[in-house]
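Coordinate inspection notes
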Amino acid sequence: MNLVDVPQVLTQILGFLLMVWILRRYAWGPVIGMLEARRAKIAGEFKEAERLQGEANGLKVRYDAELKTIDAQARQRISEAVAEGQKVAGEIRAQAQKDAAARLEGAADEILREREKAKEVLKQQVIGLSLRTAEKILRQKLDDPAQRKLAGEFIDEVGALR
């Protein structure tokens with residue numbers, strides 16, 4: 001009993017070598033070519049992905065810079081608006097103070113005019129009282145006590161007018 005059948009082993013070795021030679025000649029090249037093409041395609045996709053990643057990073061940096069610029073412009077506009085508001089508020093305050101001063105001045109002038117009118121009225125009343133007193137004195141011949149009494153009445157009348 002022979003465990004190994006030599007002719008059969010030689011046939012299998014020969015068949016295997018023939019199959020390897022046929023596969024190498026007709027199938028190995030296309031399979032290797034297909035694998036190489038697949039490797040090149042994957043490498044190209046990786047390069048494209050890296051390129052797109054670089055572009056995306058560049059765009060992100062650019063957009064971040066633009067956002068900072070827009071933020072800075074917004075802050076500047078807000079500060080300009082605040083400054084303009086403060087300027088307008090100052091102008092309004094100044095105008096209000098000017099108006100108040102003008103009204104106070106007008107009121108002071110009105111008070112002066114009224115005071116002058118009151119003085120003129122008082123002067124006219126004093127003149128009238130003086131004339132009446134003089135007229136009474138001239139109509140009557142008064143002795144000293146009567147003159148004193150008449151002068152007291154005159155003073156009382158002047159005091160009552162104030």
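Bear in mind that the values here come from a model prediction, so they are computed numbers and not experimental data.

Another aspect to go through is the overall build of the chain. Helix and strand counts for the chain stand at two helices and zero strands. Taking 2.2 N^0.38 as the reference for a compact globule, 162 residues should give roughly 15 Å; the C-alpha atoms of the chain span a radius of gyration of 62 Å, well beyond that estimate. C-alpha atoms of the chain, sized along the principal axes, occupy 195 × 35 × 15 Å. Sorting the 162 residues of the chain into buried and exposed places 3% on the buried side. Here the chain displays about 14600 Å² of accessible surface, and carbon together with sulfur accounts for 63% of that area.

Taken as a whole and assessed by the stated rule, the structure comprises eight salt bridges. A salt bridge links Glu114 to Lys117, with the shortest nitrogen-to-oxygen separation between them at 3.7 Å. Here Glu114 pairs with Lys117, and both are found in helix H1 (residues 6-139), just three residues apart, close to one helical turn. Judged by relative accessible area, Glu114 falls into the partly exposed class, the value being 38%. One network of salt bridges, in which partners are shared, links Glu48, Arg51 and Glu55.

Attention now goes to a nonpolar patch on the surface. Residues Leu3, Val4, Val6, Val9, Leu10, Ile13, Phe16, Leu17, Met19, Val20 and Leu23 make up a contiguous nonpolar surface patch of about 1100 Å² in total accessible area. Looking at the element boundaries, Phe16 is found in helix H1.

Time to look at the environment of Gln97. Structurally, Gln97 is set in helix H1. Taking relative accessible area as the criterion, Gln97 reaches 58% and is therefore assigned exposed. With 61 residues separating them in the primary sequence, Gln97 and Glu36 have C-alpha atoms 90 Å apart.

Procedures and definitions
- Residues numbered from 1 in each chain as written.
- Predicted model: local features only at pLDDT ≥ 70, side-chain atom pairs only at ≥ 80, totals over all residues.
- Heavy atoms only, no water.
- Helix = DSSP H or I, 4+ residues; strand = E, 2+ residues; numbered from the N terminus.
- Rg over C-alpha atoms; globule rule 2.2 N^0.38 Å.
- Buried < 20%, exposed > 50% of the residue type's maximum accessible area, 1.4 Å probe, protein only.
- Areas by Shrake-Rupley, 256 points an atom, 1.4 Å probe, with all protein chains shown as cover.
- Salt bridge = Lys/Arg side-chain N within 4 Å of Asp/Glu carboxyl O.
- Patch = residues over 30% accessible without salt bridge, like charges linked within 9 Å, V, L, I, M, F, W, Y side chains within 5 Å.

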